[in-house]
Each structure stands twice: as structure tokens, then as C-alpha cells.
Amino acid sequence: AEPHGEEALAEPGALGAFWLREAAQHGAAMAAPTEASLLSEKCKRFGLLGAGLVCDSMMTLRLAEVRAGSAVRAESAAESKGSAEAASVGYALASPSSAPFALGPSNGAAAIRAAVPAAPAVLGPATVVANGQTLTRQEILDILTETVRVQGIVQQEVSVLARKIAKESKKKKKGRLTFLDGHKKILELNLPKEPLEERGLTESAFQKILNQYEEDDEVMTCAQQLLHPAGKGDPERAAGITMDRIVEIHKFMVTEMQKVLQEFLELSQDVRRTFTGKGCETTAELLVSIAVEQVLSVRCEDVEQAVIRYEEPLQSHPEFTRYTEQLANMMSHLIGATQPRVEKAEFVQLLQQMGDSTKKFKTFSKQVYEDYRSKACTIVEAYRRFDDFTEQNAGPDAQEAQEMPDLSSVEMQLCYDEYRDDEEVRRAWDHSGAETTLMMQSVLSPSLAGNSRSASSSSGADERKVKKLKSSEVVEMQELMVDEIRRTTQALKTATMRPGERKPEIAMQLVQALASAAVERRFGISAEEMAVASFQHAAVLQKNERLARASEEQQDILMQLARSWGQAPPEAEGE
């Protein structure tokens, strides 16, 4: 199943029980995000070509934040070299007083590079094997370059088409374009094929290839253009879009995307399977863009440029965050609905592995918590036990798990919808705990509720024999979760570790596991029961300010830990 570590770390309002379940089920490695990890995340959601075509405003802001962090580290390196000149220059990120989308290094950053001796270039493997093909490093660069070129063509053609249809519809007072009609319009553009398709490579195979080049600056620089292609909007028009207007536009886009997704899901399964994921996402972009231009008289490319002008306030704006996440989730759902399902036997095996893994991890983490609470072990010893547990579970069973299909939560739900009448599937589904995760996602993204049969499956949660909780108790649990995470994180920060022993992903699992165990012990409730309660009180919890503050604080603490442990440890570290 799809790792959600980096995604969960970036999503606002994620309740503690949900975080732990994600880590337990998927062994999430929640290190601080890098440009490579953001690219991998977006490619996973939308495909390689879609990574540049799908407008994801929160991804734009996260990319800006990561690049700003890189700039700060560059400045620190300059200072350590004693270069007063280099330390005085910075990195030009767009702000209300600077040019929109100035995401690249400024002349000041160039001065930093000139002042600091260049480190030897790190190159990825000379060749890699994917889908039975051997690709050279140069061929990978060629694929990326060609994909960026194709993205530019598709982006331009769709934008022009949207503008044309919007104008014609206004003049002739035509109704809304249907999904099928929109898809025909896209086909008529005769857009170029994606390079991966021509080479017979799958999206997942190419993502794994890119992961091997994370330290290769040339490959990553080329790949970054996929994550954030050059803006096509007009800077002057973008300057006239206020922050409130940006939020209003995104709210409207959510409404329009809901219509697109609902219409598509109402098509028969056989018809849906005739579409490609690329065709669906491009059609959805077209239909939403047309609606935005028709109703709001604004171009989507201008909105994306305006977003970066308000980078900092938007990152902490709850409504903006909610709308952008809903848009991304609905696009993932749309694309997932076109994909063929895995075979029933393989799906059952995957669910069984998920359940076994979760149970094993939970038993282990509870024991570590009890030992740490009773002072039978120190925080360092607890950390090492988690590290050993991870190593021990990276054997044959882990290899078998890697060979299982890599399904997103949307694909998991769609597979269950298809096979749910089978008794064996239902038993495996209950054993896996997958429905708890889906319930929590419906809390975080209510716009997806009812878009598949997930609503009916999750509605059974109300009838389960679980401890009844008030919404206020759920909030108290989240606040306790944050207190415990803060306490454990502080203990880790001051702990003496061996050189090279700090692993951000192990630290993330440890602090969340101990915090979750503390909540379960204090309230006498399991993570599953907390998830059910969250689902039952979703409407209230989504508006609760205490919950929002606690969730944001949890995110901040974990981000800071991941970043600090991702840096080189002091040389003086010892036992």
C-alpha cells in the first residue's frame, strides 16, 4: 500500500491515531521533505506528466519552503567558510514586493556558490534496469527533458482551448460541457504522447528510477521542472488577485471538481475503463478551467502565480489548505477510477499483510511504551529497539511485501468496492484496518464522502460496538497526543547517540507510537475507536479551533524533529 509518511506530515488536522496507523501499516519514513520526495509524491498522485499539469497550490508552497530551507543551509555553509560577503546575500523567494514565481536562486545565491568551494559533483548510477529495459543516465535525462517539453505543449493547448470554449459559451449561453464532450475536445487537440508511454515504461518504475538519482544534481534539476514548470500566467493580472480572492477561487474549484468527479463516477465501470489517467486529469483541468474563466473571469495560470505572493499566510490558512487538499484528493480519485483492479487473490493477500504488520507493530510499540514509562529503558534504548525492529522486519517478509501491488488509499477503496460481496474479501478488509484509515481521510477530506461506495461501507462504523465518545474527548486526546510527542521529542533531542545513529524515520515512528500508546492507556481506547469517534463527529471536529491548533502543533514538532535529525550530527557525539 502507498506510504503516506511525507503526505501525512504535510496534511493539516491529521489526528494522532491516524498518524500512527499510517506509520504502522506502511513503515512510513517521515523525514523532512526534499525536492525529490515532493516530486515522487506528486508523481504518485498524478503521474509523471500530470505532476506538471495538475495545479496543486499546496505543493507549490511546500516546494517554496523546501527551496528556502536549502538556501538557508547554503548561507550557513557560506558563514562557516568565513565569507562575510556570501553570508550577506540571500535567496529571492517571491513575496508581495517581489516578482511572482521567482523560485530560482538569485544573484545572491550565485555569489554564495562562488564563495564556497564547490563539492565534487555526485552522479547517479551510469545505468539502471526498469521493466526489463536498461537505461543510461543520459537516457533518463532525455526522458525528463522531453516530458517537460510535452508538458508545456499540453498546458498551453488546454489553456487556449479553455479560454476559447469559455468565450463561446458566454456568447451563445451554452450549458456546461459534459465530461464525455470535454474528453472529445481533448482528443481533438491530438496532444503528443508521453515519453514513458512511447518507451513502454510504467509510472511506478520510473519513480523508482528517480529515487536512485536523489543526490544527482543534474537529474534532480531536470526533474524539478516537472514538479514546478515555468509559470504561464501574466504577472500583472496575478498581482491583482488578493489572498481572499485566491481562497474564494479554490473553494469554487472544489465545487466544480466535485461535479466532474461525480459525473465520471456515474459512468458505467466499462466506460470508465476506456479512459486513461492522463486523459481524465487533462479533461478535468479543462472543465474546471472553463468554469473558473466563465464564472469568475480569472485564468487558472494567473491564480497559481498569485499563490506564491502570499506564501507564508496561505500555508497557515485552514480554508485554503482544506480546499487544495480536497482538489488533489479528488483528482487522485478520478485517476484511480480509471485503473484496472488487481486480482482478488492478490488484494486479499495485500490486506492480510497489512493487518499482520499492523498487529505486530502495535504489540511491539505497546511493550516499548510500558518499559519506557516504568523507566525500565531509556529513550535511547527505546529508539534502538525500534531501529532493531525495523531491521529485523526488513527480511524475506518485507521483500514479499515490496512485491505486492502499490495501491493508494483511493485504489484500495475502489478494489474493495469491486470485491466487497466476497466473504473472504470482507474478512481480510476488517483484519487490515484499512477502513479506519479511510474513515479518517473522510474526516480530513469530506468532499470525497459519497463519491464511491465508501460512504456506505464507512457508515457501518456507527453501528460497531465501540466506546462512545464526545467530540470534546477526541479533542482532549489529540491535545494529550501533542503533549506526549513534545515530551518524547525533547528527550530525543537531548539524548546522546552514537555517530551516524540518528535516523529521522525511526525517530518519527518512535515518538508517535509512544504518544499513541499514552493516549490509549489514559483514555482506555484504541486507535480504531478514536478513528470511529472522529468519523462520527467529523462535522464538529472540522470546525474545532482547539483541534486545529493541536494538529498544527503536532505537525510543527514532527517537522522540526525530522529536519534536525536529517542534518549531520555533531562530530563529538559518542556513546
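The rules behind each value
- Residues numbered from 1 in each chain as written.
- Predicted model: local features only at pLDDT ≥ 70, side-chain atom pairs only at ≥ 80, totals over all residues.
- Heavy atoms only, no water.
- Helix = DSSP H or I, 4+ residues; strand = E, 2+ residues; numbered from the N terminus.
- Buried < 20%, exposed > 50% of the residue type's maximum accessible area, 1.4 Å probe, protein only.
- Areas by Shrake-Rupley, 256 points an atom, 1.4 Å probe, with all protein chains shown as cover.
- Expected span 1.5 Å × (residues − 1).
- Salt bridge = Lys/Arg side-chain N within 4 Å of Asp/Glu carboxyl O.
- pLDDT = per-residue confidence, 0-100.
- Contact = heavy atoms within 4.5 Å.
- Polar contact = N/O pair within 3.5 Å; in protein donor to acceptor, adjacent residues only side chain to side chain.
- Axes fitted to C-alpha atoms, helices over the stretch in contact; angles between N-to-C directions.
- Parallel < 35°, antiparallel > 145°, perpendicular 65-115°, else oblique.
- Left-handed = near helix turned anticlockwise from the far one by under 90°.
- Nonpolar A, V, L, I, M, F, W, Y, C, P; charged D, E, K, R; others polar.
- Phe/Tyr/Trp six-rings, centres within 6.5 Å; stacked < 30°, edge-to-face > 60°.
- Core = buried A, V, L, I, M, F, W, Y, C linked by side-chain atoms within 4.5 Å.

Visitor: Help me understand the overall build of the protein in this model?
Guide: Within the protein one finds 30 helices and two strands. Counting across all 575 residues of the protein, residues that qualify as buried make up 53%. Put simply, the protein shows about 26000 Å² of open surface, and 50% of that area lies on carbon and sulfur atoms.

Visitor: Can you help me understand helix H27 (residues 504-523) in this one?
Guide: Compared with an ideal rise of 1.5 Å per residue, which puts 20 residues at 28 Å, H27 spans 29 Å between its outermost C-alpha atoms and is within 8% of the ideal. When you tally the buried positions in H27, you get 17 out of 20 residues, the bulk of the element. Just beyond H27, the residue with positive phi is Gly524, at close to 60°.

Visitor: What am I meant to see in the pattern of salt bridges here?
Guide: It is possible for side chains bearing opposite charge to pair when their charged atoms get close. On inspection of all chains with the given rule, the structure shows 29 salt bridges. We note a salt bridge from Glu263 to Arg176, for which the minimum N-O separation is 3.2 Å. In this pair, Glu263 sits in helix H13 (residues 243-265) while Arg176 sits in the loop between helix H7 (137-172) and helix H8 (179-188), placing the two residues 87 residues apart along the sequence. With a closest N to O distance of 2.8 Å, Glu484 and Arg487 form a salt bridge. Taken together, the positions of Glu484 and Arg487, both in helix H26 (residues 471-493) and three residues apart, correspond to about one turn of that helix. The exposure class assigned to Glu484 is buried, which follows from its relative accessible area of 15%. The network of salt bridges with common partners includes Arg137, Asp216 and Glu218.

Visitor: Which parts of the structure should I look at to understand the confidence of the model for the protein?
Guide: Mean pLDDT over the protein: 73, with 69% of residues reaching 70 or higher. Averaged over each element, pLDDT in the protein is lowest for helix H2 (residues 16-26) (31) and highest for H8 (95). In this model, residues 1-32 is a region of pLDDT below 50 whose contacts with residues beyond four sequence positions or in other chains number 110 contacts. In this model, residues 568-575 is a region of pLDDT below 50 whose contacts with residues beyond four sequence positions or in other chains number 13 contacts.

Visitor: What am I meant to see in the environment of Glu479 here?
Guide: In this fold, Glu479 is placed in helix H26. According to the relative accessible area criterion, Glu479 is partly exposed, its value standing at 27%. Considering only alpha carbons, one finds Glu479 and Val519, 40 residues apart in sequence, at a separation of 9.6 Å. Ignoring anything within four residues of it in the chain, the contact list for Glu479 reads Arg546 and Ala550. At 2.7 Å, the side chain of Glu479 forms a polar contact with the side chain of Arg546.

Visitor: Just checking my understanding: could you explain the packing of helix H15 (residues 277-296) against helix H18 (residues 318-336) for this structure?
Guide: Geometrically, a packed helix pair is captured by the angle between its two axes and the distance between the axes. One can describe the packing of H15 onto H18 by two numbers: an axis separation of 8 Å at closest approach and a directional angle of 140°. In terms of axis orientation, H15 runs oblique to H18. Here H15 runs over H18; the crossing is right-handed. Contacts from Gly277, Cys280, Glu281, Ala284 and Glu285 in H15 reach Met331, Leu334 and Ile335 in H18. Here the residues of the contact of H15 with H18 are counted per class, giving five nonpolar, one polar and two charged.

Visitor: Got a minute to help me understand the environment of Arg502 in this structure?
Guide: By secondary structure assignment, the location of Arg502 is in the loop between H26 and H27. Each C-alpha atom, one on Arg502 and one on Leu492, is 9.8 Å from the other, the two residues being 10 residues apart in sequence.

Visitor: Could you clarify how one ought to interpret the packing of aromatic side chains in this entry?
Guide: Centre-to-centre distance and the angle between the planes together describe a pair of aromatic rings. For the structure shown, the criterion picks out 11 aromatic pairs. Ring centres of Phe264 and Phe275 lie 5.6 Å apart, and the angle between their planes is 70°; this geometry places the pair in the edge-to-face category. Taken as a pair, Phe264 in helix H13 and Phe275 in the loop between helix H14 (269-272) and H15 lie far apart in primary sequence, 11 residues in all. Of the two residues, Phe264 and Phe275, neither departs from the other in class, the shared state being buried.

Visitor: Where do I start with the environment of Trp565 in this structure?
Guide: Inspection of the secondary structure assignment puts Trp565 in helix H30 (residues 545-566). Separated by 63 residues in sequence, Trp565 and Arg502 place their C-alpha atoms 6.1 Å apart. Setting aside chain neighbours within four positions, we find Trp565 in contact with Tyr383, Leu492, Met497, Arg502, Lys503, Pro504 and Ala507.

Visitor: For this particular structure, what's the right way to read the nonpolar core?
Guide: Across soluble globular proteins, you tend to see nonpolar side chains buried next to one another. The biggest cluster of nonpolar side chains holds 46 residues, and the ones touching the most others in it are Ile379, Tyr383, Phe386, Leu492 and Leu510. Breaking this core down by element, the ones donating at least two residues are helix H19 (344-373), helix H20 (379-392), H26, H27, helix H28 (527-536) and H30. When residues in this core are grouped by element, the largest group, 12 residues, is from H27. In this view, Tyr383 contacts Leu492, Met497, Glu501, Arg502, Lys503, Ile506, Ala507, Leu510 and Trp565; residues no more than four positions away in its chain are not counted. With 40 residues, the next largest nonpolar core counts Ile241, Met257, Val260 and Ala337 among its residues.

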